[in-house]
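Architecture and fold: a report
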Amino acid sequence: MTAEDTTLHATDAVFAAEQAMGRALRVVDDLHTTINSALRVLDDAELDSAKARLTDRGDFYLDTAAEHIARLQTRVGDLPHQSDELYGYLTLASASLTEAHNLLNETDASDPELARDVAQLKTRIAVVSEMVSLAQPLARLATRHVDGARHACQQVTPATLLDSVTLERSIVTAGKELGRADEDVRLLEEVVDHSAANARQATGIACEISDNARRRMAEHGRAPAPTAAAPAAGAPTR
């Protein structure tokens, strides 16, 4: 495989990593939205259960609280899928970055211009790889707290409405677990956002290298190897 072919394949790998990080960022946004929604529903259930005890419309507020609890279970039911999806995208990004790095190491960079471009891209890939490596354990921690929040929320059932002590204890536990998960996801969102931004920059550099490789191949009368279409430099993925 020529240096041009290798850089084209490396560009494909960088583009795949950038796409994976963009999707990971969207999943983090969804996780954040789901957790915040669950917290609001939990607050509504707690408020209506208190009204059921303190007003003469107890049956009405108990029914309303039960509806909130049903909504809560629906909200938290999505959390495991979202957590798994997030970790899957981070894993894909990590593998693609490793592939790109290995391909660039194989590149014959005897051409000074190509050597400079490859060195610049390898530096950017290293930055993204480091951020992804940081995001993965954060995602595992967030997943544990998300699972804890889901299990705690599952203890808040319509049956607990009949026992104010059990209900209050379950709501407090669920709220704490959701709060921890929310803190994890906020931090994870920041890391993944920076990772995605750097991945977009890496894609821009890779596209320039790819364009130069195609130009050199055209000058030598060679058709480029099939490669995935990459976005223009700096193109957003969201």
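Nothing here was measured: the structure is a model prediction, and the numbers come from that model.

1. A short note on the pattern of salt bridges
Inspection of every chain in the model, using the stated rule, returns three salt bridges. Arg116 is the salt-bridge partner of Asp117, the closest N and O atoms lying 4.0 Å from each other. On the basis of relative accessibility, which here comes to 12%, the residue Asp117 falls in the buried class. Accessibility expressed as a relative area gives 53% for Arg116, which makes it exposed. Here Glu177 and Arg180 are joined by a salt bridge, their closest N and O atoms 3.0 Å apart. Here Arg180 and Glu177 lie together in helix H5 (residues 164-219), a separation of three residues that amounts to about one turn. Its relative accessible area of 18% is what places Glu177 among the buried residues.

2. Looking at helix H2 (residues 58-77)
Here H2 spans 28 Å end to end across 20 residues, near enough to the 28 Å set by a 1.5 Å rise per residue. Those residues of H2 that fall on the buried side of the exposure criterion are Gly58, Tyr61, Thr64, Ala65, Ala66, His68, Ile69, Leu72 and Val76.

3. Topic: the packing of H2 against helix H4 (residues 112-154)
Contact pair H2 / H4: the axes reach a minimum separation of 10 Å and the direction vectors enclose 160°. Here H2 is positioned roughly antiparallel relative to H4, judged by the angle of their axes. With respect to the hand of their crossing, H2 and H4 are arranged in left-handed fashion. Residues Leu72, Gln73 and Val76 of H2 pack against Arg150, Cys153 and Gln154 of H4. Here the contact of H2 with H4 is built from residues that sort into three nonpolar, two polar and one charged.

4. Some details on the nonpolar core
Grouped together as the largest cluster of nonpolar side chains are 60 residues, with contacts concentrated most on Met21, Leu72, Leu86, Leu121, Val156, Leu188 and Val192. When residues of this core are traced back to their parent elements, those giving at least two are helix H1 (3-54), H2, helix H3 (79-106), H4 and H5. Per element, the largest residue contribution to this core is 16 residues, and it comes from H1.

5. Topic: the confidence of the model for the protein
With 89% of its residues at a pLDDT of 70 or more, the protein shows a mean pLDDT of 83. Note that residues 225-238 has pLDDT below 50 and, in this model, 31 contacts with residues that lie over four places away or in other chains.

6. So, the environment of Ala95
Of note, Ala95 is situated in helix H3. For the pair Ala95 and Ala17, spaced 78 residues apart in the sequence, the C-alpha separation amounts to 8.0 Å.

Thresholds, definitions, all that
- Residues numbered from 1 in each chain as written.
- Predicted model: local features only at pLDDT ≥ 70, side-chain atom pairs only at ≥ 80, totals over all residues.
- Heavy atoms only, no water.
- Salt bridge = Lys/Arg side-chain N within 4 Å of Asp/Glu carboxyl O.
- Buried < 20%, exposed > 50% of the residue type's maximum accessible area, 1.4 Å probe, protein only.
- Helix = DSSP H or I, 4+ residues; strand = E, 2+ residues; numbered from the N terminus.
- Expected span 1.5 Å × (residues − 1).
- Axes fitted to C-alpha atoms, helices over the stretch in contact; angles between N-to-C directions.
- Parallel < 35°, antiparallel > 145°, perpendicular 65-115°, else oblique.
- Left-handed = near helix turned anticlockwise from the far one by under 90°.
- Contact = heavy atoms within 4.5 Å.
- Nonpolar A, V, L, I, M, F, W, Y, C, P; charged D, E, K, R; others polar.
- Core = buried A, V, L, I, M, F, W, Y, C linked by side-chain atoms within 4.5 Å.
- pLDDT = per-residue confidence, 0-100.

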